[in-house]
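# Descriptive structure summary
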Amino acid sequence: MINRLKTALAQTLPGAEAQYLMAPTHRQRYELRSLKAEEYKPSAVMILFCEDNSGNMFIPLTERMTYNGVHSGQISLPGGKFDKNDGDLSSTALRECYEEIGVKEIEMIGKLTPLFIPVSNFLVHPFIGVSKIKNPQMKNQEREVKTILKIGLQNLLDDSIVKHGSITVGDVVIKSPWFEVENLKVWGATAMILSELKQIIKITS
């Protein structure tokens, strides 16, 4: 599967059409080519394929700590803002993955379509990697990560975990689909990124 995925990532990606299958109902579409550099903050996330002791593939997600910010308490992929010392965005994804969940031995195999997050002005570049270590030991960064979740690859491909309804963020109620993982709602940008990955895997299966 990984070899097929690597081949697919080198070809034309499903892009926004796949992302918006899991977008909040009233989310505005953005033409990335029209964004000016001063309008966004570059960032990167890591979609990390890991194999458990039974040979099943899973992807780690992080539950953010509660804080005074727009992404407080949400479920995310390991990642964060680009630092000039990173050199490039793939290095940002690798650094953040190590800092947030403690996994360092990673083979990078490609990337997905960038996604703009208007509430925080991040332009997120999703990279895909494979853990070189089977069932890697993970440790959450106590300052930022409350818990580490695992979404099994077969679960991601199972349409029954896709739910639709209302999500309350502060005083705002948002209509949106989400992936239900360990009784938590994976929605917003993370769900949109995983949606593109899901479509690619289905096409290559």
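As shown above, the structure is provided for reference.
Residues numbered from 1 in each chain as written. Predicted model: local features only at pLDDT ≥ 70, side-chain atom pairs only at ≥ 80, totals over all residues. Heavy atoms only, no water.

## A short note on the overall build of the protein chain
- Scanning the protein chain from terminus to terminus reveals 5 helices and 11 strands.
- For 205 residues, the compact-globule estimate of 2.2 N^0.38 gives 17 Å, and the protein chain sits close to it at 16 Å.
- Taking the principal axes of its C-alpha atoms as reference, the protein chain extends roughly 45 × 40 × 35 Å.
- Counting over 205 residues, the protein chain shows a buried share of 45%.
- The long-range fraction of contacts in the protein chain, counting pairs at least 24 apart against all pairs at least 6 apart in sequence, stands at 65%.
- Total accessible area on the protein chain is roughly 10700 Å²; 48% of this is exposed by carbon and sulfur atoms.
- Across the protein chain, the mean location of the 24 positive side-chain charges is 2 Å away from that of the 23 negative side-chain charges. (Helix = DSSP H or I, 4+ residues; strand = E, 2+ residues; numbered from the N terminus. Rg over C-alpha atoms; globule rule 2.2 N^0.38 Å. Buried < 20%, exposed > 50% of the residue type's maximum accessible area, 1.4 Å probe, protein only. Contact = heavy atoms within 4.5 Å. Areas by Shrake-Rupley, 256 points an atom, 1.4 Å probe, with all protein chains shown as cover. Lys, Arg positive; Asp, Glu negative; His and termini not counted. Charge placed at Lys NZ, Arg CZ, Asp CG, Glu CD.)

## A look at helix H3 (residues 89–101)
- Relative to the 18 Å expected for 13 residues at 1.5 Å per residue, H3 spans 18 Å between its end C-alpha atoms, a close match to the ideal helical length.
- Buried within H3 we find Leu-89, Thr-92, Ala-93, Glu-96, Cys-97, Glu-100 and Ile-101. With its buried residues spanning 130° around the axis, H3 presents them on a single face.
- Buried residues belonging to H3 abut strand E1 (41–51), strand E2 (57–64), strand E4 (79–81), strand E5 (106–111), strand E7 (122–131) and strand E8 (145–152). (Expected span 1.5 Å × (residues − 1). Arc of directions from axis to C-beta.)

## A closer look at the nonpolar core
- Core analysis: the biggest nonpolar cluster contains 35 residues, and Leu-5, Ile-47, Phe-49, Ile-128, Phe-179 and Leu-197 have the highest contact counts within it.
- For this core, the element with the most residues is helix H5 (residues 188–204), which contributes 7 residues.
- Formed by 12 residues, the second largest nonpolar core is a distinct cluster that contains Ala-44, Phe-58, Ala-93 and Val-103. (Core = buried A, V, L, I, M, F, W, Y, C linked by side-chain atoms within 4.5 Å.)

## Observations concerning the side chain of Asp-52
- Relative to the helices and strands, Asp-52 is located in the loop between E1 and E2.
- Although Asp-52 lies buried, it forms no salt bridge, and the closest oppositely charged side chain, Lys-134, sits 6.7 Å away as judged by the N-O distance.
- A distance of 2.8 Å separates a polar side-chain atom of Asp-52 from the backbone nitrogen of Ser-54.
- Among the polar contacts listed, one links the side chain of Asp-52 to the backbone nitrogen of Asn-56, at a separation of 2.8 Å.
- Apart from residues lying up to four places away in sequence, Asp-52 is in contact with Phe-58, Lys-134 and Asn-135. (Salt bridge = Lys/Arg side-chain N within 4 Å of Asp/Glu carboxyl O. Polar contact = N/O pair within 3.5 Å; in protein donor to acceptor, adjacent residues only side chain to side chain.)

## Re the pairing of E7
- Across the 10 residues that make up E7, a large majority, 9, are buried.
- In this structure, E5 lies alongside E7, joined through 5 bridges in antiparallel fashion. Residue pairing in the sheet places Met-108 in a bridge with Gly-129 of E7.
- Here 3 bridges tie strand E6 (residues 115–117) to E7, and the two strands are oriented antiparallel to one another. For Phe-116, the partnering residue across the bridge sits in E7 and is Leu-123.
- Between E6 and the antiparallel strand that follows it, E7, lie 4 residues; Asn-121 among them carries a positive phi value of about 60°. (Pairing = 2+ DSSP bridges.)

## Topic: the side chain of His-125
- The residue His-125 is located in strand E7 in this model.
- On the accessibility criterion, His-125 (12% relative accessible area) is buried.
- Among the polar contacts made by the side chain of His-125, one reaches the side chain of Lys-111 at a distance of 3.2 Å.
- Not counting residues up to four positions away in its chain, the partners in contact with His-125 are Ser-43, Ala-44, Val-45, Leu-89, Lys-111 and Pro-114.

## Here's the deal with empty space enclosed by the protein
- For the coordinates displayed, the defined rule picks out 1 cavity of 30 Å³ or more.
- Computed from the structure, the largest cavity encloses a volume of approximately 40 Å³.
- Taken together, Thr-62, Arg-64, Ser-76, Leu-77, Glu-100, Glu-144 and Val-145 form the lining of the largest cavity.
- A breakdown of the residues in the lining of the largest cavity according to their chemical character gives 2 nonpolar, 2 polar and 3 charged. (1 Å grid on protein atoms, 1.4 Å probe; cavity = no way out; pocket = protein on both sides within 12 Å on 5 of 7 lines; lining within 4 Å. Points joined across faces, edges and corners; volume = space filled by probe spheres on them. Nonpolar A, V, L, I, M, F, W, Y, C, P; charged D, E, K, R; others polar.)

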